[in-house]
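# Structural features, examined
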Amino acid sequence: RLLPLEPRAATCFDLLRILVAYLLDSNQSGQSQKDRAATTGGRRYCQPELRHSSQTASPSSKLNPGKQVKMADITADADGRSAGFCTTLVLFLLSAVFPALFILGFSGMGYGLDVATGSISYHDEAAKVIYGSLAYMAFMFIFDSHFWPIPLRILSWFAIFVAFSLSMCVLFTEIPYGPISVFTVLMPLFLLGIRAVFYSSVPTHVYAGWIHGVLVSIASITLAGFFYWNTKAENMWDSETNASYSSAVGCKVDYTDLDECRHPTLDIPCFFSDETMEEVIFSAACRKQCLDVYQACEEAFIIWSNPGLASMTLFVLGFISKYLRNPNDPQANIQIASVVKIGTGFLFVFWIYASLIGAGEGLSSSLIAFAISLVIGSSIVITSVFWTNLTTSSGEYVGGAAKQAEAYLDIFKGLLILGFTPLVLAYLVVSMANQFVRRHFTRHCCKKRMSDEEREHSGCVTLAAANQIQDFKGWDHTRVLSIAVYWGIGYVFLNVLASKFTTVFLSWLIEYTSTMSIPAVTGIVLAVGMFLFMLPPIPGLPIYLTGGIVLVSIGKDTMGLWGAVTYACAVSLVVKLLACAVQQKLIGGTLGGNVGVKQMVSMNSEGIRAMRVMLSDEGFTARKVAVLVGGPDWPVSVLCGILGLDLGPILIGTFPVVVLIVPAVLTGSFAYMGSLENDKGQDMYPWADTMGAVVSALTAGSMFFFTLSAANAIKETLAKDGDTIASIPMDEAVAKADAEAEKNQIVNRRVTAWSGVPFFMKLVLIFAVLAMMGCCYLLVLFNSQCFREYDLMYTIGEHLGGQWTNIVMPLGRIALLLFIISYGLHYAFQSWATVKTNAAMDEMDDAEIIALTSTKVATYA
């Protein structure tokens, strides 16, 4: 009864369908056959509930329940179609298989250490497989695989994909980000495979809505299991766990500047009791700083944290799926962008915390690879939902997507220039080989498959590459190259300032304030916090982290540990509320009439106008609190002052920010506590590093919740109160200033068009990009050789020879020198561009400027 009706042999997919259908049929034995299953093409699967305003099925389905439902019919009901309980249960069980296998095979919760150890003997073979796959990919490209028979093409790409994935997993200890990156890319494909096998008649966007709750549930269970697993002492991330994991995965031992960390009789680190390296003992003669012999061993921390990273992947995919349920929703792209930004924030918190506890050395490359794979995985989900619309002949979705992506296109071009130029050059070399083969062989044996244009093309590279080069010539090179420099500045800021130098500064601050009283230190934290809050781009997170470290280090002796933590939370809340009061009354209330301040707030933007409506609500509404807590700190507080709102209710509405402050303060406190050791060199709080990882996840989760709540509140307000928002008059002065700024920007792009830039200034910008590329490549590829290991409880006098700059090694000095050169050259170019723009503005009258800004140009090349 359940077999497909077609007269063919049953495949393994059919057997899976039979099993699932049988289980569902048994699960619903008390229901009627019509309610239990829906027949589609001779096969049965659990009937999804159709929830419409009328709560009835369509007439066509009533007349012919056995008729196969057309894609268009289901699409029409997409907004009201949701999965039933049994469908959700089956989806949950099927979708959980792949995450479960990943956690079992590549994390400390499963057999990750055994897999890592056992895979070492296969590293040479795995490397050969990767090199062979790359060579075969080059062969396929050179010999035009798109002209090959379709089965051969599919088989080739499938073999390459499998070979790469397996090799990345085998090279676990050499490429620690390999398994999590493979998981992040394969998980969407696994979900699409489930749909293809069991729910092929369900539209992709409806299926995306179904798996939202499933993925979030699996992520939550995974995270909860990870936290529970860490409640056992042997699983907590502490010095002993770090040593055990580092030894198990075969991390390289380096005794440079650490000769005292050698074992007195054996050729092993001193903290291992014997050659088995199973028991870890720290003492006064062998303190936990000796862990630095495992320099840049990111493998250990990645294996331990893989369940958390897998949960992050599932959360991101789940929430992106949620906003893909209705592809026609104009706000979907905004919601997805919010998810991406919050995911980036999570990785930033994860990176900072790992750096504070001493596990962040070399971690940047792993997080970059994980972020790239997360983007690829998310793109697979989004593309699968919009594919049908993107390929329609109307071009409506294509044009809309292209228009939305246009604003970000130059940003991605800049990233391509900075990070992937060597790959682009390799592509051009292979393209030349491909053109050579085409000219002498392919054009003769594949005449029917090649277009006339391709067959007659006689350039050095292929026609496609020639077109891409032509397209590259039409880029706005001035803008793209400048963006490439900005990408480099951002990376250096995160990798050096936010990671290395922040740790050095905090260790100095702990040492400097160690003899001060708690009131004096509180005053310093208040002053530093207020200064940072007055800077529009700075969020509150680094302020709370600093308070959690510095105040706890000083107050633990007089207040007790948890009393100091509570005090740090209270001081952080006071800093936040005091900053809100100053921003509202001093900046918004006193300087609110200043056009520049209003411009910084984006007074006339649609989002800010929606915030004006929400903040004007009487009393305390959910959307008002969401904006006060989850909105950007500086603009929201200043906007409250411009609107003349009472300070008291605003501060009370801001009070729920304590939910974000507490885990952020605890993140800093646990990072500090994890660095403390007793007289025997053992951890005083062996659970602190683990709890720090937990609260850092809670911090990211709090940021996720509040930011998403604010975004949803703005979205709903735009939809429900559109007339009210439209009735708010535009600020004429701000509108005029915005128009002037837009004119200045347009004139700047015209006068800095690449063809009009003097040759010398072109060289200045090009060398700025080259210097930044050299800096970033050194920091990514040789990070451990650029900076010394440094911990929160280290001192500059003891571990850096009294000079904080000694944290930078010679190769790091070269990298920072390249950064300074790049920044200086770029600043010189921007100064020249500003002078050129101002001169052009002065030479033209208003009519000429209006005519210039109202016309479009085909290219800025």
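Since the model is a prediction, treat every value here as computed from it, not as a measurement. (Residues numbered from 1 in each chain as written. Predicted model: local features only at pLDDT ≥ 70, side-chain atom pairs only at ≥ 80, totals over all residues. Heavy atoms only, no water.)

Further remarks concern the overall build of the protein chain. Secondary structure assignment for the protein chain yields 35 helices and 4 strands. Taken over 861 residues, the protein chain has a buried fraction of 48%. A fraction of 78% describes how many contacts in the protein chain between residues 6 or more apart in sequence connect residues 24 or more apart. Carbon and sulfur atoms form 65% of the exposed surface of the protein chain, whose accessible area is close to 41200 Å². (Helix = DSSP H or I, 4+ residues; strand = E, 2+ residues; numbered from the N terminus. Buried < 20%, exposed > 50% of the residue type's maximum accessible area, 1.4 Å probe, protein only. Contact = heavy atoms within 4.5 Å. Areas by Shrake-Rupley, 256 points an atom, 1.4 Å probe, with all protein chains shown as cover.)

Next up on the list: the side chain of Asn 230. Tracing the chain through its elements places Asn 230 in the loop between helix H11 (204-229) and helix H12 (239-248). One polar contact links Asn 230 to Trp 304, side chain to side chain, over a distance of 3.3 Å. Residues within four places of Asn 230 in sequence aside, it is in contact with Asn 235, Met 236, Trp 237, Trp 304 and Thr 690. (Polar contact = N/O pair within 3.5 Å; in protein donor to acceptor, adjacent residues only side chain to side chain.)

The final tally for this structure, using the stated rule, is 23 aromatic pairs. Ring plane angle 35 degrees and centroid distance 4.6 Å describe the contact between Phe 139 and Phe 143, whose orientation is recorded as tilted. Measuring from ring centre to ring centre gives 6.1 Å for Phe 226 and Trp 229, while their planes differ by 20 degrees; the resulting arrangement is stacked. Taken together, the residues span about one helical turn, with Phe 226 and Trp 229 both in helix H11 at a distance of 3 residues. We note that Phe 226, like Trp 229, is buried. A connected cluster of aromatic rings, assembled from ring pairs, spans Phe 98, Phe 102, Phe 106, Phe 172, Phe 183 and Phe 190. (Phe/Tyr/Trp six-rings, centres within 6.5 Å; stacked < 30°, edge-to-face > 60°.)

This part takes up the confidence of the model for the protein chain. Looking at the protein chain as a whole, the pLDDT averages 76, with 76% of positions reaching at least 70. Here residues 356-363 scores under 50 on pLDDT; set against residues more than four positions off or in separate chains, the count is 32 contacts. (pLDDT = per-residue confidence, 0-100.)

All right, on to the nonpolar core then. Counting 65 residues, the largest nonpolar core has Leu 91, Phe 183, Met 187, Tyr 199, Tyr 207, Trp 210 and Phe 271 as its most contacted members. Taken together, the elements giving at least two residues each to this core come down to helix H5 (85-95), helix H6 (97-106), helix H8 (123-142), helix H9 (150-170), helix H10 (178-198), H11, H12 and helix H13 (298-322). Ranked by residue count, the leading element in this core is H11, at 10 residues. Not counting residues within four places of it along the chain, the set of residues in contact with Phe 271 comprises Ala 243, Glu 279, Val 280, Ile 281, Phe 282, Cys 286, Cys 290, Leu 291, Val 293 and Tyr 294. In terms of nonpolar packing, the next biggest core, distinct from the first, is built from 42 residues, Leu 541, Leu 561, Ile 661 and Leu 676 among them. (Core = buried A, V, L, I, M, F, W, Y, C linked by side-chain atoms within 4.5 Å.)

Before going further, it helps to spend a moment on a nonpolar patch on the surface. On the surface, a nonpolar cluster with roughly 450 Å² of combined accessible area is contributed by Val 97, Leu 101, Leu 104, Tyr 111 and Val 115. Ranked by the residues each element gives to the nonpolar patch, the list is headed by H6, at 3 residues. Counting through the fold element by element, Val 97 comes out in helix H6. The exposure class assigned to Val 97 is partly exposed, which follows from its relative accessible area of 39%. (Patch = residues over 30% accessible without salt bridge, like charges linked within 9 Å, V, L, I, M, F, W, Y side chains within 5 Å. Salt bridge = Lys/Arg side-chain N within 4 Å of Asp/Glu carboxyl O.)

In the structure shown here, the tally under the stated rule is 6 salt bridges. For the salt bridge of Asp 410 with Arg 479, the shortest nitrogen-to-oxygen distance reads 2.8 Å. Taken as a pair, Asp 410 in helix H16 (residues 396-445) and Arg 479 in helix H19 (residues 477-512) lie far apart in primary sequence, 69 residues in all. For Asp 410, a relative accessible area of 12% corresponds to the buried category. Looking at Arg 479, the relative accessible area reads 29%, which means it is partly exposed. We note a salt bridge from Asp 557 to Lys 556, for which the minimum N-O separation is 3.3 Å. For Asp 557, a relative accessible area of 64% gives the class exposed.

Attention shifts here to unusual backbone geometry. Positive phi, normally seen in glycine, also occurs at Asp 144, with a value near 50 degrees. Relative to the assigned elements, Asp 144 resides in the loop between H8 and H9.

Further remarks concern H9. Along an α-helix, a turn takes 3.6 residues, which lines up residues three or four apart on a common side. Under the 1.5 Å per step criterion, the end-to-end length of H9 is 30 Å for 21 residues, consistent within 8% with the ideal 30 Å. Inspection of H9 places Ser 156, Ile 160, Ala 163, Ser 165, Ser 167, Met 168 and Cys 169 among the buried residues, and these make up the whole buried set. Looking at the buried residues of H9, the elements they touch are H6, H8 and H10. (Expected span 1.5 Å × (residues − 1).)

On to the environment of His 263, then. The topology assignment puts His 263 in the loop between H12 and H13. Overall, His 263 belongs to the buried group, its relative accessible area being 15%. For the pair His 263 and Ser 273, spaced 10 residues apart in sequence, the C-alpha to C-alpha distance is 8.6 Å. Look past the residues within four positions of His 263 in its chain and what remains in contact with it is Ile 268, Pro 269, Cys 270, Phe 272 and Ser 273.

All right, on to a negative patch on the surface then. A contiguous patch of negative charge on the surface is contributed by Asp 274, Glu 275, Glu 278 and Glu 279. Looking at the element boundaries, Glu 279 is found in the loop between H12 and H13. (Lys, Arg positive; Asp, Glu negative; His and termini not counted. Charge placed at Lys NZ, Arg CZ, Asp CG, Glu CD.)

It is worth spelling out the environment of Thr 667 at this point. Relative to the helices and strands, Thr 667 is located in helix H28 (residues 658-673). Judged by relative accessible area, Thr 667 falls into the buried class, the value being 3%. In this structure the C-alpha to C-alpha distance between Thr 667 and Ser 696, which are 29 residues apart in sequence, comes to 5.6 Å. Here the side chain of Thr 667 touches Pro 663 through a polar contact of 2.7 Å, landing on its backbone oxygen.

Attention now goes to the state of the cysteines. Defined simply, a disulfide is a covalent bond joining two cysteines at their sulfur atoms. Following the criterion strictly, the structure yields 0 disulfides and no others. With no disulfide of its own, Cys 580 has Cys 640 as its nearest cysteine by sulfur position, at a separation of 8.3 Å. (Disulfide = S-S within 2.5 Å.)

Right, let's talk about helix H7 (residues 112-119) for a bit. What H7 keeps buried is the set Gly 112, Ala 116 and Ser 119. Down the axis of H7, the buried set is contained in an arc of 75 degrees. They therefore lie on one face. Where the residues of H7 are buried, they touch H6, H8, H9 and H13. (Arc of directions from axis to C-beta.)

Judged by its relative accessible area of 2%, Asn 230 is buried. A distance of 2.8 Å separates a polar side-chain atom of Asn 230 from the backbone oxygen of Phe 226.

Looking now at the packing of helix H31 (residues 732-751) against helix H34 (residues 810-843). It is at 9 Å that the axes of H31 and H34 come closest, and there the two elements cross at 110 degrees. Classified by the angle between their axes, H31 and H34 sit roughly perpendicular to one another. When the axes of H31 and H34 are compared, the crossing they make is right-handed. On the side of H31, the interface is formed by Asn 744, Val 747, Asn 748 and Val 751, while H34 contributes Ala 833, Lys 836, Thr 837, Asn 838, Ala 840 and Met 841. In terms of residue class, the contact of H31 with H34 is built from 5 nonpolar, 4 polar and 1 charged. (Axes fitted to C-alpha atoms, helices over the stretch in contact; angles between N-to-C directions. Parallel < 35°, antiparallel > 145°, perpendicular 65-115°, else oblique. Left-handed = near helix turned anticlockwise from the far one by under 90°. Nonpolar A, V, L, I, M, F, W, Y, C, P; charged D, E, K, R; others polar.)

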